[in-house]
Amino acid sequence: MLSVAATILRHGAVRCRCGQRAMATVISGNKTSQLVRERLKTDVAEMRSHFPGFRPGLVVLQVGDRDDSNLYISMKLKAAAEIGISANHIRLPSTATEEEVLRSIVSVNENPAVHGLIVQLPLDSVNPIDTEKVTNAVAPEKDVDGLTSINAGKLSRGDLGDCFIPCTPNGCMELIAQAGVSVAGKNAVVIGRSKIVGAPMHDLLLWSHATVTTCHSKTRDLAAQVGRADVLVVGAGKAEMVKGDWVKEGAVVIDCGINHIPDSSKPSGKRVVGDVHYASAKERAGFITPVPGGVGPMTVAMLMENTVQSAKRFLNSYRPGKWNITYIKLKPVRPKPSDAAISQACATKPVMKLAREMGLFSEEVEPHGRHRAKVQLDVLTRMRAQPDGKYVVVTGITPTPLGEGKTTTTLGLAQALGAHLNVNSIACIRQPTAGATFSVKGGAVGGGYAQILPIEEASLHLTSDTQAVSTATSLVMDSITSRMYCESQQNHQTLFDLLVPLRDGQREFSTPQLKRMEKLGIDKMDPLTLTDKEIRQFVKLDIDPLKVSVDKLSHNIGNEIMAILALSTSIQDLQERLAKMVVTSDCSGEPVTTEDLGVTGVLTVLLRDALKPCLMQTVEGSPVFIHTSPSSDIAHGNSSILADKMALKLVGPAGFVVTEAGCGAEIGLEKFFNIKCRYSGLQPDVTVMVATVRALKMHGGDQKNVNRLEFGCSHLRRQIENARAYGLPVVVAINMFCSDTENELEMVSAQARLAGAFDVVSCTHWAEGGAGAVALGKAVQRAAEVPHPFKYLYPLEMSIEEKIRTVAQRMYGVKDIQLSAQALNKIRLYTKQGLANLPICVAKTHLSLSPEQGRTGVPKDFTLPIVDIQPNVGAGFLCPVVNNMTPSHRLIWPCYHDNDLYSVMQ
């Protein structure tokens, strides 16, 4: 026997035995929407079983605080929670501007945890906002309302599988389907042509093979048009406009209207009706939706349907913990061109595209042209719950004039992990500094097919961080000389009037001035209550002119400011460190700080942009953070803590961050662990030791004598022992040259293994890019899985002298240290001042294990003379100075003679 629905479809009407026509079957939106929700709930549970931790995400963006909007939003949020969707409500105030709304939309667009974005209309703002512009700002793949022009365009041309269908029309189709009605071949009439209901309903019916007529305010003889409809969808927004006698017998009537009309029988004095006169229409229709309880619940259900569908599409390309990044395929040229030629020949991605690929939001990235960008520190706040990735530090043997390729290896390893081993990876290196010799050591941004692009932008001006440090240094120096001059020319009362000026009969101390008062032991908040003696104490710094050697002082201040940038973990930390900087001393030997000078605040302002890491890319399109440039022979010599922290969050728990320690393992790596890791709280997983055959020959005494290689390997063994002192596995990377022989490589490998290296790998990344470091990448991955009880070389509670001795004996192999009378006095002074618990940063030549830069190999039986100990209180370490510390670059021929605009353009 045919069902009632089938009989209706076949004969158009059903009559009971008494001859009277049966009432229309009511299509319940409440029941149908509940069925949809149950199905979606099952889909979400299945998604989460396949992808643990994953949840479809929905955001509702509201402007203002309209009661009706609040009601609709609460319904959506409740439905989402029931299904298992993670839903969030962003409410902007009614004072929000169009720009603020668009900025919020962009932020949600770029959030991979959000799969659906609803802009709740109307936008209730006191400011003019273009609704069309706002709705079109929603990313089409997250436009679960289906309101963007792109989704509307796809629907109009029949691309139903590649777009989102507006929720109300989609719900109407679901209700028709639940009635068991096929619209194919039927006459369908849609009343209304709005972008939300009428127009998309027309397209849906058309592409479901109905013959569709759209009626509107200009349609003539509307009743006749309605009378021909097998399927009638009404969304005109006029209460009970369609009369029952217009309806064709047996038709399917879908009423999308929600109207309020007066009704004295109701407590509210009104009731809700649709656009169809329900009582008379149900006498003729075969199926009909009620109002309320019809289309309304289906709109919310279809919104959830679209959100789940969006999440499913996302999962089609989703790889847990993996970036959706495009790498650039290299085509190495033989013989290899110059680094500059490679840089000019290689394609690059726009830096904003790279940022999006690695999970950064547009508002977190500040582009400096096409290839460089500053990344805001807000990223760390947003990603604070994200587990860190694996942390790899690249060090090397003691540098020789031949070069070892530590930076090149750092970049080559990052390229291998990312572009060839499909692992999220970021390289973190120091910013190059040209100085007086104009990059005499090279660009310091890699080489060959493992370098940063473009080479001239990375090597020279970058993002003006060095200029900011230079300006800050000049400010401090000017403040010192200005203060000395003013104190010599003015009495203390005049200086007090300048420092704490009288405004409207009141004087107020600034925050730095209050801290100076605290330092002086003057417990007064009101400047007007100070005695003459206290005023003099406050204003007179009495800087010792014998301590103000402009060149030396400026050099020291600049180095410490750069070190502070590298070691700061936030803008607040930066300001606190700057305030502690001891820039000179007074005539009684007491330290004078930047806070005493009153310049801490302006220094922070000058350096706040320099605190943000700079994002660039390698020749293979993998990301690089290039940030800060403290010198390893006089500071800790490593790139910034913030760059490493940010990179570790961005790569995720399965990713790798490859950071570089300056100079050899006895200096740069020692300071990386004992200073940088202490202040960052980060613990590395693997150490990579870079060496070359030709450099080891030089450490053996003769770079051309093969027989000296084994002797030179003693230096490699020593450096491996130095690296292993911190408890981490050490992977040796032999940076190969075409002149290396198999016997030489085997000898180096054997010697490294004897010293306890976890693995030894020969690499050709300079000539082949990441492909030449794949074996190194795999070795690093294996080493990262080895349990590694990380440890520092010394406890901070150890005395200053013993800390110096421990570093010197364990890292350099000295017999003992020799402290000058001045150094001993400084130890007593700093201990008294409470600075004894700071880590130490030995200022020693980086060109030898010994204090003599010409001694290669493994020097024996030597003493390390310490002539002075300088306080870098802001940076957070004490700097023991070895007697031979003189800037060596002044004796080197600079390379600016080989650089010009023509060569760069070529």
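Residues numbered from 1 in each chain as written. Predicted model: local features only at pLDDT ≥ 70, side-chain atom pairs only at ≥ 80, totals over all residues. Heavy atoms only, no water.

Participant: An account of the confidence of the model for the protein is requested, with residue identities and associated values reported.
Facilitator: Reading fine detail from the predicted coordinates is not recommended where pLDDT is low. When the pLDDT values of the protein are averaged, the result is 89; 93% of them are 70 or greater. Taken element by element, the protein is modelled with least confidence in helix α1 (residues 4–11), mean pLDDT 35, and with most confidence in helix α31 (residues 774–784), mean pLDDT 98. Low pLDDT, under 50, characterises residues 436–442; the stretch is placed with 18 contacts to residues that sit more than four places away or in other chains. Considering only residues more than four positions removed or in separate chains, one finds that residues 887–893, a stretch of pLDDT under 50, has six contacts. (pLDDT = per-residue confidence, 0-100. Helix = DSSP H or I, 4+ residues; strand = E, 2+ residues; numbered from the N terminus. Contact = heavy atoms within 4.5 Å.)

Participant: Report on the pairing of strand β28 (residues 877–882), specifying residues and quantitative values.
Facilitator: Of all six residues in β28, six are buried; the element is thus mostly enclosed. Side chains of β28 alternate between two faces, with Phe877, Cys879 and Val881 and Leu878, Pro880 and Val882 buried alike. Pairing of strand β27 (residues 863–872) with β28, which is carried by six bridges, proceeds in the antiparallel orientation. When the bridges of β28 are listed, Ile866 appears paired with Val882. (Buried < 20%, exposed > 50% of the residue type's maximum accessible area, 1.4 Å probe, protein only. Pairing = 2+ DSSP bridges.)

Participant: Please give an account of unusual backbone geometry that cites residues and values.
Facilitator: In most cases, non-glycine residues show a negative phi, while peptide bonds are predominantly trans. Each neighbour pair has its own omega, and for Arg334 with Pro335 the value is -10 degrees, a cis peptide bond. Within the element layout of this structure, Pro335 appears in the loop between α11 (295–316) and α12 (339–345). The peptide bond linking Leu453 to Pro454 adopts the cis configuration, its omega dihedral lying at -15 degrees. Relative to the elements of secondary structure, Pro454 occurs in the loop between β17 (450–453) and α16 (455–459). One non-glycine residue with positive phi stands out, namely Asp221, at about 50 degrees. Mapping Asp221 onto the fold places it in the loop between β6 (211–215) and α9 (222–227). Despite not being glycine, Glu240 shows a phi value in the positive range, around 50 degrees. Mapped onto the elements of the fold, Glu240 is located in the loop between β7 (231–234) and β8 (252–255).

Participant: Outline the sheet that holds strand β1 (residues 25–26), supporting the account with residue identities and numerical values.
Facilitator: The six strands lie next to each other as β1-β11-β8-β7-β5-β6, forming an open sheet whose pairing is parallel. Every other strand in the sheet has two partners, leaving β1 and β6 as the edge strands with one partner each. With respect to the sheet, helix α8 (residues 198–207) is in contact with β5 (187–191), β6 and β7, its orientation differing from that of β5 by roughly 170 degrees. (Axes fitted to C-alpha atoms, helices over the stretch in contact; angles between N-to-C directions.)

Participant: Hey, could you go over the sheet that holds β27 for me, with residue numbers and the actual values?
Facilitator: Here three strands make up an open sheet; going across it, the order is β26-β27-β28 and the pairing mixed. Two strands bound the open sheet, and with one partner strand each, they are β26 (816–819) and β28. Put simply, the sheet's adjacent strands are angled 45 degrees from each other on average, direction ignored. Contacts from helix α21 (residues 550–567) reach β27 and β28, with the element oriented near 75 degrees to β27. The strands touched by helix α33 (residues 821–832) within the sheet are β26, β27 and β28, with β27 carrying the most contacts at an inclination of about 40 degrees.

Participant: Explain the side chain of Asp143 to me, using residue names and the numbers behind them.
Facilitator: Secondary-structure assignment places Asp143 in the loop between α5 (131–137) and α6 (149–156). If sequence neighbours within four positions are ignored, Asp143 has contacts with Leu117, Val138, Thr148, Asn151 and Phe164.

Participant: Let's hear about the pattern of salt bridges: which residues, and what values?
Facilitator: Counting across every chain of the model gives 40 salt bridges. One salt bridge connects Asp388 with Lys649, and the closest N-O pair in it is separated by 3.2 Å. Of the two residues, Asp388 sits in the loop between α14 (378–382) and β14 (390–396) while Lys649 sits in helix α25 (residues 641–651), which places them 261 residues apart along the sequence. The salt bridge partner of Asp573 is Arg577, with a shortest N-O separation of 3.2 Å. One end of the pair is Asp573 and the other is Arg577, both in helix α22 (residues 571–580) and four residues apart, which spans about a single turn. Residue Asp573 is classed as buried on the basis of its relative accessible area of 16%. Taking the relative accessible area as the measure of exposure, Arg577 reaches 8% and is therefore buried. One connected set of salt bridges, linked through shared partners, spans Glu801, Glu802, Arg805 and Asp816. (Salt bridge = Lys/Arg side-chain N within 4 Å of Asp/Glu carboxyl O.)

Participant: Which residues make up the packing of α22 against helix α24 (residues 600–607), and what are the values?
Facilitator: Contact geometry of α22 with α24 gives a least axis separation of 9 Å together with a crossing angle of 135 degrees. With respect to α24, the element α22 is oriented oblique. As for how α22 packs across α24, the hand of that crossing is right-handed. Of α24, the residues touching α22 (which contributes Ile571, Leu574, Gln575, Leu578 and Ala579) are Thr600, Gly601, Leu603, Thr604 and Leu607. When its residues are assigned to classes, the contact of α22 with α24 shows six nonpolar, four polar and no charged. (Parallel < 35°, antiparallel > 145°, perpendicular 65-115°, else oblique. Left-handed = near helix turned anticlockwise from the far one by under 90°. Nonpolar A, V, L, I, M, F, W, Y, C, P; charged D, E, K, R; others polar.)

Participant: Account for the packing of helix α3 (residues 67–83) against α11, with residues named and values stated.
Facilitator: Running from N to C, α3 and α11 point in directions that differ by 50 degrees, and their axes come no closer than 10 Å. With respect to α11, the element α3 is oriented oblique. In this structure, α3 meets α11 at a crossing whose hand is right-handed. Residue-level contacts link Met75, Lys76, Ala79, Ala80 and Ile83 of α3 to Val300, Leu303 and Met304 of α11. Here the contact of α3 with α11 is built from residues that sort into seven nonpolar, no polar and one charged.

Participant: Would you mind going over the environment of Asp143 in detail, with residue names and values included?
Facilitator: The class of Asp143 is buried, set by a relative accessible area of 3%. Each C-alpha atom, one on Asp143 and one on Val119, is 9.1 Å from the other, the two residues being 24 residues apart in sequence. At 2.8 Å, the side chain of Asp143 and the backbone nitrogen of Leu147 are in polar contact. Polar contacts involving the side chain of Asp143 include one to the main-chain amide nitrogen of Thr148, which spans 2.8 Å. (Polar contact = N/O pair within 3.5 Å; in protein donor to acceptor, adjacent residues only side chain to side chain.)

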